[in-house]
Amino acid sequence: MENKEKQIWDLIIIGGGPAGITAGIFAGRQKLKTLLITKEFGGQINWKAVNIENYPGFLEISGKELISKFVEHLKKYPVEILLDEAIKVKKEDQIFQIITQRGNIFSSKTVILAVGAQPRTLEIKGEKEFLGKGVSYCPICDGHFFKEKQVAIIGGGNAGFESALFLSQIVKKIYILDLSETPRADKELIERVQNTKKTEFIGGVKIKEIKGKEFVENLIYEEIKTNKEFILPVSGIFIHVGTVPQTYLVEGLVEFNEKKEIKVNLETLETSTPGLFAAGDCTEGKYKQIVIAAGQGARAALFVFEFLKNKK
């Protein structure tokens, strides 16, 4: 990246998930002088516990393989890639300044923020204390530690059921707990998990505490209708209760909703700050899917091109 700090880029993309990579591909095709900054490629796909079956063109593909194809496609175009973490975005005299973890400062006419999201925590007693000692947010990373043991999954949506499907190959028994009285995952996914004969769904409950000595031993939950507390003996707890968008670096520049997701123009994906666009899971919206994030990345890049063309 020699002398890259001194120039003014047409576009800086922050994030290396599906939205950021696709934005880079489309920016490269439009011949924009583009820098993509990311700590690593993949984003939330790196946490996927099972193969991806809903991305067009692939009946089934691992997250790692899909991202490698994304990156291979990106590298076809003259887009500069910097493996670093952007920690702050500022705007001065119509130019954006992006500050990175390593102390670099880059200037750009426009920015696409595609930083995705991180796992949401339960904020209950024992969660932090037992992190890495039975508590995990990544079954693909930690599932092998629980061979032939009983585990609990907190969250009855797609992520929780995908986790259950993966863990069913490793563990003895899986309890899936959720506030909702019925599972919220896709019907096909629910059926596949039920067919493993290893899972039990416990709905209408609130998680109270995680207990143990050196490692997790018990999960305490409360039945919402009766206010009764129950003890569930488990060795591992996998938490899938949604995500938190990583949008702190643009505070003061954009408008947020109550979830700290970025509000954007639904057509152009531009934020309330001219020239600052956002795409993917960091933006407001109900559905978070790889194909949606990729589509938003493409759209944001095309509207960046239009924005710059109109400024000339």
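Everything that follows concerns the structure shown earlier in this document.
Every residue gets a number counted from 1 within its own chain, in the order that chain's sequence is written. Per-residue local features of the predicted model are confined to residues with pLDDT of at least 70, and side-chain atom pairs are confined, for both listing and counting, to 80 or more; whole-chain, interface and lining totals are unaffected and use all residues. With hydrogens and water set aside, each side-chain value is computed from the structure's full complement of heavy atoms.

J.: I tried to follow the overall build of the protein on my own but got confused; where do I start?
T.: Secondary structure elements follow DSSP: runs of H or I of four or more residues count as helices, runs of E of two or more count as strands, with numbering from the N terminus. Looking only at helices and strands, the protein has six helices and 17 strands in total. When we talk radius of gyration, it's over C-alpha atoms, and the globule rule is simply 2.2 Å times the number of residues to the 0.38. Radius of gyration (C-alpha) of the protein: 21 Å, near the 20 Å computed for a compact globule of 312 residues. The buried label goes to any residue with under 20% of its type's maximum accessible area, the exposed label to any with over 50%, and the partly exposed label to all in between, with areas taken from a 1.4 Å probe on protein chains only. Split into buried and exposed, the 312 residues of the protein put 50% on the buried side. Residue contacts follow a heavy-atom distance rule, with two residues in contact if any of their heavy atoms lie within 4.5 Å. Taking the intrachain contacts of the protein between residues at least 6 apart in sequence as the baseline, contacts between residues at least 24 apart amount to 61%. Exposure was quantified through the Shrake-Rupley algorithm and a 1.4 Å probe, taking into account, for residues, occlusion by the shown protein chains and nothing else. Working note: accessible area of the protein is about 16100 Å², and carbon and sulfur atoms make up 49% of it. Counting 44 positive and 40 negative side-chain charges, the protein places the averaged centre of each group 2 Å from the other. When charges are counted, neither His nor the chain ends are considered; positive counts come from Lys and Arg and negative counts from Asp and Glu. Each charge is placed at NZ for Lys, CZ for Arg, CG for Asp and CD for Glu.

J.: I tried to follow the pattern of salt bridges on my own but got confused; where do I start?
T.: For side chains bearing opposite charge, pairing can occur when the charged atoms are close. Salt bridges, as used here, are contacts in which a Lys or Arg side-chain nitrogen is within 4 Å of a carboxyl oxygen on Asp or Glu. All chains considered together, the criterion is met by nine salt bridges. Among the ionic pairs, K173 bridges to E200, the shortest N-O distance being 3.6 Å. Here K173, found in strand β10 (residues 173-178), pairs with E200, found in strand β11 (residues 199-203); they are 27 residues apart in sequence, far enough to count as distant. With relative accessibility at 37%, the residue E200 sits in the partly exposed group. Two residues, R184 and D178, come together in a salt bridge whose shortest N-O distance is 2.8 Å. Taking relative accessible area as the criterion, D178 reaches 9% and is therefore assigned buried.

J.: I keep staring at the environment of I210 and nothing clicks. Help me out?
T.: Positionally, I210 belongs in strand β12 (residues 205-212). Overall, the relative accessible area of 2% leaves I210 in the buried class. Sequence separation between I210 and V135 is 75 residues, and the spatial gap between their C-alpha atoms is 8.8 Å.

J.: Help me understand the side chain of H240 in this model?
T.: For H240, the location among the structural elements is in the loop between β15 (236-239) and β16 (243-245). A distance of 3.3 Å separates the side chain of H240 from the side chain of S163, its partner in a polar contact. Not counting chain neighbours up to four residues away, the residues in contact with H240 comprise Y137, P139, I153, I154, G155, A159, G160 and S163. Think of a polar contact as two N or O atoms within 3.5 Å of one another; within protein, one of them needs to be a possible hydrogen donor and the other a possible acceptor, and neighboring residues in sequence only count if both atoms come from side chains.

J.: When you look at the state of the cysteines in this model, what are you seeing that I'm missing?
T.: Defined simply, a disulfide is a covalent bond joining two cysteines at their sulfur atoms. The disulfide criterion used throughout: a pair of cysteine sulfur atoms within 2.5 Å. By the definition in use, this model includes one disulfide. Linked covalently through their sulfurs, C138 and C141 form a disulfide whose S-S length is 2.1 Å. On the sign convention where negative is left-handed, the bridge of C138 and C141, at about 70 degrees about the S-S bond, is right-handed. The exposure class assigned to C141 is partly exposed, which follows from its relative accessible area of 40%.

J.: Teacher, can you tell me more about the sheet that holds strand β13 (residues 216-223) here?
T.: Where strands meet in a sheet, backbone hydrogen bonds hold them as pairs that are either parallel or antiparallel. Taken in spatial order, the three strands line up as β12-β13-β14 in an open sheet, and their pairing is antiparallel. Where the open sheet ends on each side, the last strands, each with one partner, are β12 and β14 (229-233). Averaged over neighbouring strand pairs, the angle between their axes works out to 25 degrees when direction is ignored. Following DSSP output, two strands are said to pair if at least two bridges run between them. A fitted line through C-alpha atoms serves as each axis, taken over the contacting stretch for helices, and the angle formed by two N-to-C directions is quoted from 0 to 180°.

J.: So what exactly am I meant to see when it comes to the packing of aromatic side chains here?
T.: What describes a pair of aromatic rings is the distance from one ring centre to the other and the angle between the planes of the rings. Here is the rule: rings of Phe, Tyr and Trp (six-membered ring for Trp) pair when centre to centre is within 6.5 Å. Planes less than 30 degrees apart are stacked, more than 60 are edge-to-face, and the remainder are tilted. Here the structure, examined in full by the defined rule, presents five aromatic pairs. Centre to centre, the rings of F277 and F307 are 6.1 Å apart; their planes meet at 85 degrees, and the pair counts as edge-to-face. In this pair, F277 sits in strand β17 (residues 276-278) while F307 sits in helix α6 (residues 290-311), placing the two residues 30 residues apart along the sequence. A cation sits over an aromatic face here: K173 above Y175, 5.4 Å from the ring centre. Positioned above the aromatic ring of F256, the side-chain terminus of K260 is 4.6 Å from the ring centre. A positively charged side chain is recorded as over a ring if its NZ (Lys) or CZ (Arg) lies within 6 Å of the ring centre. The angle to the ring normal must also be within 35 degrees.

J.: I tried to follow the packing of helix α1 (residues 18-29) against helix α2 (residues 63-74) on my own but got confused; where do I start?
T.: The angle between the axes and the distance between the axes are what describe a pair of packed helices. Put simply, α1 and α2 touch, their axes get as near as 9 Å, and they point 25 degrees apart. In this view, α1 runs roughly parallel relative to α2, as classed from their interaxial angle. Of the two elements, α1 crosses α2, and the hand of that crossing is left-handed. Within the contact between the two elements, α1 uses P18, I21, T22, G24 and I25 and α2 uses I67, F70, V71, H73 and L74. Residue classes follow a fixed rule: Ala, Val, Leu, Ile, Met, Phe, Trp, Tyr, Cys and Pro count as nonpolar, while Asp, Glu, Lys and Arg count as charged, and any other residue, Gly among them, counts as polar. In terms of residue class, the contact of α1 with α2 is made up of seven nonpolar, three polar and no charged. Any angle that is under 35 degrees is reported as roughly parallel, and any over 145 degrees as roughly antiparallel; angles of 65 to 115 degrees are reported as roughly perpendicular and all others as oblique. Handedness of each helix crossing follows the sense of rotation of the near helix against the far helix: counterclockwise by less than a right angle gives left-handed, clockwise gives right-handed.

J.: I would appreciate a short explanation of the sheet that holds strand β9 (residues 150-154) in the present structure.
T.: In space, the five strands of this open sheet follow the order β8-β15-β9-β10-β11, with parallel pairing throughout. Of all the strands in the sheet, just β8 (135-136) and β11 have a single pairing partner and so form its edges. Strand direction decides the pairing type here: β9 and β10, joined by five bridges, are parallel. Following the sheet pairing, V151 is matched in β10 by I174.

J.: Is there a simple way to think about the nonpolar core in this case?
T.: General note: in soluble globular proteins, nonpolar side chains tend to be found buried as a group. Throughout this description, the term nonpolar core refers to a set of buried Ala, Val, Leu, Ile, Met, Phe, Trp, Tyr and Cys residues connected via side-chain atoms within 4.5 Å. I14, I98, I112, V250 and I262 are the most contacted members of the largest nonpolar core, which totals 58 residues. The dominant element in this core, judged by the number of residues it contributes, is α6, at nine residues. If near-sequence neighbours (up to four positions away) are discounted, I98 is found in contact with I12, I14, I37, A86, K88, V89, N104, I105, F106 and V111.

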